[in-house]
Amino acid sequence: MRLPLLFLHIAGGIVGLLAGAVAMVYRKGSRGHRISGNVFVVAMLTMGGCAAWLAFRAHQTMNLFGGLLTVYMITTAWLTGRQRDRGTSLFDWGAMIFALAIAASVLTQAILVTQGVMARQPGVPLGMYFFMGSIPMLCAAGDLRMLIRGGISGSSRIGRHLWRMCYGWFIATGSFFLGKQQEFPVALRKQYLLVPLAVLPLILLVYWLVRVRVGKRTISGQFAWKEART
């Protein structure tokens, strides 16, 4: 059982890395962007779901929550891109609770590790516990804000879609280029090529958010996409 899931996890990660890069190249809202984006979503959900289950079986709690966070980020980002403006659903309430549960679990572990009550997972720095706990907390705050407003529209909807997709992509690039550095040739590690590749999604995240917020073509032109068909 473990070997097929591991294969799916690796395959999903590789396809997700490539599809994410392709989606970034295509003009936002274009047919190519939607197709590559859908491939990216399926691949990332496969990677994250398999990672969470494998980590659960291996008692690797941080990897478990990392997989669950990936599934949450990609799912909510995809739904944001498909939902009509100013719309919410029961799923959005469930997603917020899910994010809060992840945040509470990780931050609780962070406190226990700091106090010496719980052993730190090998290879996971203490700061990573707080970082991994702060991201879902930030997401839950965004979910609550959206629910209170009755939905989001315009640049806010586009920004929510972009940053969650990019962060989900970053989880994949960070896990691959930084988490598996020992698998790469020594020459690549010495030339410091892996770190830029790992953080590229975060750089693109900032770039696109700035363009969405201050660009003159925020809603029209290259930042527009089709509304979901009903």
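It should be emphasised that the depicted structure is a prediction, and the values quoted were computed from it without experimental measurement.

Participant: Sorry if this is basic, but what is going on with helix 4 (residues 90-114) here?
Facilitator: A turn of α-helix holds 3.6 residues, and therefore any two residues three or four places apart point the same way. If you check helix 4, its first and last C-alpha atoms are 36 Å apart, about what 25 residues at 1.5 Å a residue would give, namely 36 Å. Buried residues of helix 4: Asp-92, Ala-95, Met-96, Ala-99, Ile-102, Ala-103, Val-106, Gln-109, Ala-110 and Val-113, and no others. For helix 4, the elements touching its buried residues are helix 3 (61-82) and helix 5 (126-149). Following helix 4 by one or two positions, Gly-116 has its phi on the positive side, about 80 degrees.

Participant: What am I meant to see in the packing of helix 3 against helix 5 here?
Facilitator: Helix-helix packing is characterised by the crossing angle of the two axes and by the distance between the axes. Across the interface, helix 3 lies against helix 5 with an axial gap of 11 Å and an inter-helix angle of 25 degrees. When the axes of helix 3 and helix 5 are compared, the pair comes out roughly parallel. The chirality of how helix 3 crosses helix 5 is left-handed. Where helix 3 approaches helix 5, its residues Met-62, Gly-66, Leu-69, Tyr-72 and Met-73 are matched on the opposing element by Met-128, Tyr-129, Met-132, Ile-135, Pro-136, Cys-139, Ala-140 and Asp-143. Classifying every residue of the contact of helix 3 with helix 5 gives 11 nonpolar, 1 polar and 1 charged.

Participant: Looking at this structure, how should I read a nonpolar patch on the surface?
Facilitator: On the surface, a nonpolar cluster with roughly 470 Å² of combined accessible area is contributed by Leu-90, Trp-93, Leu-144 and Ile-148. Sorting the residues of the nonpolar patch by element identifies helix 4 and helix 5 as the ones contributing at least two each. Within the secondary structure layout, Leu-90 lies in helix 4.

Participant: Sorry, what's going on with the side chain of Thr-80 here?
Facilitator: Within the secondary structure layout, Thr-80 lies in helix 3. For Thr-80, the residues in contact, after removing those within four places along its chain, are Ile-152, Arg-157, Arg-160 and His-161.

Cut-offs applied
- Residues numbered from 1 in each chain as written.
- Predicted model: local features only at pLDDT ≥ 70, side-chain atom pairs only at ≥ 80, totals over all residues.
- Heavy atoms only, no water.
- Helix = DSSP H or I, 4+ residues; strand = E, 2+ residues; numbered from the N terminus.
- Expected span 1.5 Å × (residues − 1).
- Buried < 20%, exposed > 50% of the residue type's maximum accessible area, 1.4 Å probe, protein only.
- Contact = heavy atoms within 4.5 Å.
- Axes fitted to C-alpha atoms, helices over the stretch in contact; angles between N-to-C directions.
- Parallel < 35°, antiparallel > 145°, perpendicular 65-115°, else oblique.
- Left-handed = near helix turned anticlockwise from the far one by under 90°.
- Nonpolar A, V, L, I, M, F, W, Y, C, P; charged D, E, K, R; others polar.
- Patch = residues over 30% accessible without salt bridge, like charges linked within 9 Å, V, L, I, M, F, W, Y side chains within 5 Å.
- Areas by Shrake-Rupley, 256 points an atom, 1.4 Å probe, with all protein chains shown as cover.
- Salt bridge = Lys/Arg side-chain N within 4 Å of Asp/Glu carboxyl O.

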